[in-house]
Amino acid sequence: MGADTNTGRVLMVGAGKMGGALIESWLKKQTTQPSDIVLVEPNVTRAKYFRDTYTLYTFETPEAINTGLGEATILFAVKPQVMDEVVPLYKPLIQPGRLVLSIAAGTPISYFEHQLGANTAVVRAMPNTPASIGHGITVLCANTHVSAEQRARCEILIGAVGQVEWIEDESLMDAVTAVSGSGPAYVFLLIEALAQAGISAGLAADLANRLALTTVAGAGALAEQTEDSPTVLRQNVTSPGGTTAAALEVLMADDGLQQLMARAVTAAKERGRELAIA
Ligand SMILES: NC(=O)c1ccc[n+]([C@@H]2O[C@H](COP(=O)([O-])OP(=O)(O)OC[C@H]3O[C@@H](n4cnc5c(N)ncnc54)[C@H](OP(=O)(O)O)[C@@H]3O)[C@@H](O)[C@H]2O)c1
């Protein structure tokens, strides 16, 4: 393992869907040694899986940790609703050189500064569900205490499950959440709606479902792999007066998909702001 890929010690707090996907990606990509991953996971079955499968150090609580942490990254991957009972338990583990990385939706950097100390180095991340298969996109935001080395470390850790982008203005996190965090659900709905429309147009359900799913997946892969913009790709499949043009006339009308999507993203962004205040 090269020094450029060594992330150092990571204390993972919670190995559910997202935390588990991160651990498995690090081990697969060898960015982090099993002996450098310390897991706190009260779920006995999940802890046993990671201990038995990957020989990780696992503990039920942070107080039970009996191995050195060095300049560890403490990664919070628990549900936002348990943060108040979980995060304060880690205050004794905060030291200069250690970094807090949180993937909890809607939990601001100031929350961690308040709970763990104003000088704590904190990076807030917003991943999305395709991270579970290594195709996520995660937006990161750091406070002023995070060093360049710690930023690089976050890019390796989070980059193991997909692409990484940084924002400097944390207030944009609600907009990020509304686009990429919640976005997979919009695409799943698109698949459902396209399949349902196919069924209404006379196709058998199995065929309509397969056509819709494979079309969305294939178009997404094409859009990602080609240098053409989505606009050019759309124009390329739209012959004047043809079938696609007839459909796009409906989808691109004044009350069409663009306006609907703008309203959906605004609703998600506003809800994110309300939840953060609550
Ligand atoms: N899933 C996503 O697509 C996604 C996307 C963006 C952001 N996120 C964020 O990622 C975080 C994790 O989400 P998830 O979907 O991975 O949740 P999850 O599957 O429920 O995983 C959370 C894990 O933490 C464990 N846990 C509960 N209390 C704990 C404690 N005191 N100490 C350590 N671990 C504890 C849970 O155990 P039990 O099951 O026994 O409770 C579970 O294994 C959330 O904050 C969420 O907002 C998730």
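Residues numbered from 1 in each chain as written. Predicted model: local features only at pLDDT ≥ 70, side-chain atom pairs only at ≥ 80, totals over all residues. Heavy atoms only, no water.

Student: Before we move on, can you summarise the overall build of the protein chain with the specific residues and values?
Tutor: Along its length, the protein chain carries eleven helices and eight strands. If you line up the protein chain on its principal axes, its C-alpha atoms span 70 × 40 × 35 Å. For the protein chain, the proportion of its 278 residues judged to be buried stands at 37%. Long-range contacts, defined as pairs at least 24 residues apart, comprise 63% of the intrachain contacts of the protein chain with a sequence gap of at least 6. For the protein chain, the computed accessible surface area is about 15400 Å², with 58% contributed by carbon and sulfur atoms. Separation between the mean location of the 19 positive side-chain charges and that of the 28 negative ones in the protein chain comes to 5 Å. (Helix = DSSP H or I, 4+ residues; strand = E, 2+ residues; numbered from the N terminus. Buried < 20%, exposed > 50% of the residue type's maximum accessible area, 1.4 Å probe, protein only. Contact = heavy atoms within 4.5 Å. Areas by Shrake-Rupley, 256 points an atom, 1.4 Å probe, with all protein chains shown as cover. Lys, Arg positive; Asp, Glu negative; His and termini not counted. Charge placed at Lys NZ, Arg CZ, Asp CG, Glu CD.)

Student: Any details on a nonpolar patch on the surface? Residues and values, ideally.
Tutor: Where nonpolar side chains cluster on the molecular surface, the patch consists of Leu251, Met252, Leu257, Leu260 and Met261 and spans about 420 Å² of accessible area. Top element by residues in the nonpolar patch is helix 11 (residues 257-277). It accounts for three residues. Here Met261 falls in the partly exposed class, since its relative accessible area comes to 35%. (Patch = residues over 30% accessible without salt bridge, like charges linked within 9 Å, V, L, I, M, F, W, Y side chains within 5 Å. Salt bridge = Lys/Arg side-chain N within 4 Å of Asp/Glu carboxyl O.)

Student: Mind laying out the domain arrangement of the protein chain, listing which residues take part and the relevant values?
Tutor: Accessible area lost upon the coming together of the parts is a frequently used measure of interface size. As assigned here, the protein chain comprises domain 1 (3-177) and domain 2 (181-277). Carbon and sulfur atoms supply 51% of the area that domain 1 and domain 2 bury against each other, a total of about 690 Å² over both sides. Taken together, domain 1 and domain 2 are joined by zero salt bridges. The interface formed by domain 1 and domain 2 holds three residue pairs in polar contact (both at pLDDT 80 or more) in total. Per-element accounting of the side of domain 1 that touches domain 2 gives the leading share, four residues, to helix 6 (residues 173-181). Broken down by class, the residue content of the side of domain 1 that touches domain 2 amounts to five nonpolar, five polar and one charged. (Domains from an automatic or database assignment. Buried area = accessible area lost by both parts, 1.4 Å probe. Polar contact = N/O pair within 3.5 Å; in protein donor to acceptor, adjacent residues only side chain to side chain. Nonpolar A, V, L, I, M, F, W, Y, C, P; charged D, E, K, R; others polar.)

Student: So what about the side chain of Gln115? Which residues, and what values?
Tutor: Tracing the backbone through its elements, the reader meets Gln115 in helix 4 (residues 109-116). Under the relative-accessibility criterion, Gln115 is labelled buried at 18%. Ignoring anything within four residues of it in the chain, the contact list for Gln115 reads Asp84, Val87, Pro88 and Lys91.

Student: For the packing of aromatic side chains, give the residues involved together with the corresponding values.
Tutor: On inspection of all chains with the given rule, the structure shows six aromatic pairs. Arranged with centres 5.0 Å apart and planes meeting at 80 degrees, the rings of Tyr49 and Phe50 form a pair that is edge-to-face. Judged by centre distance (5.2 Å) and plane angle (85 degrees), the ring pair of Phe76 and Tyr90 falls under edge-to-face. Taken as a pair, Phe76 in strand 4 (residues 73-76) and Tyr90 in the loop between helix 3 (83-86) and strand 5 (99-102) lie far apart in primary sequence, 14 residues in all. Across this residue pair, the class does not change: Phe76 and Tyr90 are buried. One aromatic cluster is present, formed by Phe76, Tyr90, Tyr111 and Phe112 through successive ring pairs. (Phe/Tyr/Trp six-rings, centres within 6.5 Å; stacked < 30°, edge-to-face > 60°.)

Student: Can you tell me about the packing of helix 7 (residues 183-200) against helix 8 (residues 205-225), naming the residues and giving the values?
Tutor: The interhelical angle for the contact between helix 7 and helix 8, taken along N-to-C directions, is 140 degrees, at an axis separation of 8 Å. Judged by the inter-axis angle, helix 7 sits oblique to helix 8. Note that helix 7 runs across helix 8; the crossing there is right-handed. Contacts between helix 7 and helix 8 involve Val187, Leu190, Ile191, Leu194, Ala195, Gly198 and Ile199 from the first element and Ala205, Ala208, Asn209, Ala212, Leu213 and Val216 from the second. (Axes fitted to C-alpha atoms, helices over the stretch in contact; angles between N-to-C directions. Parallel < 35°, antiparallel > 145°, perpendicular 65-115°, else oblique. Left-handed = near helix turned anticlockwise from the far one by under 90°.)

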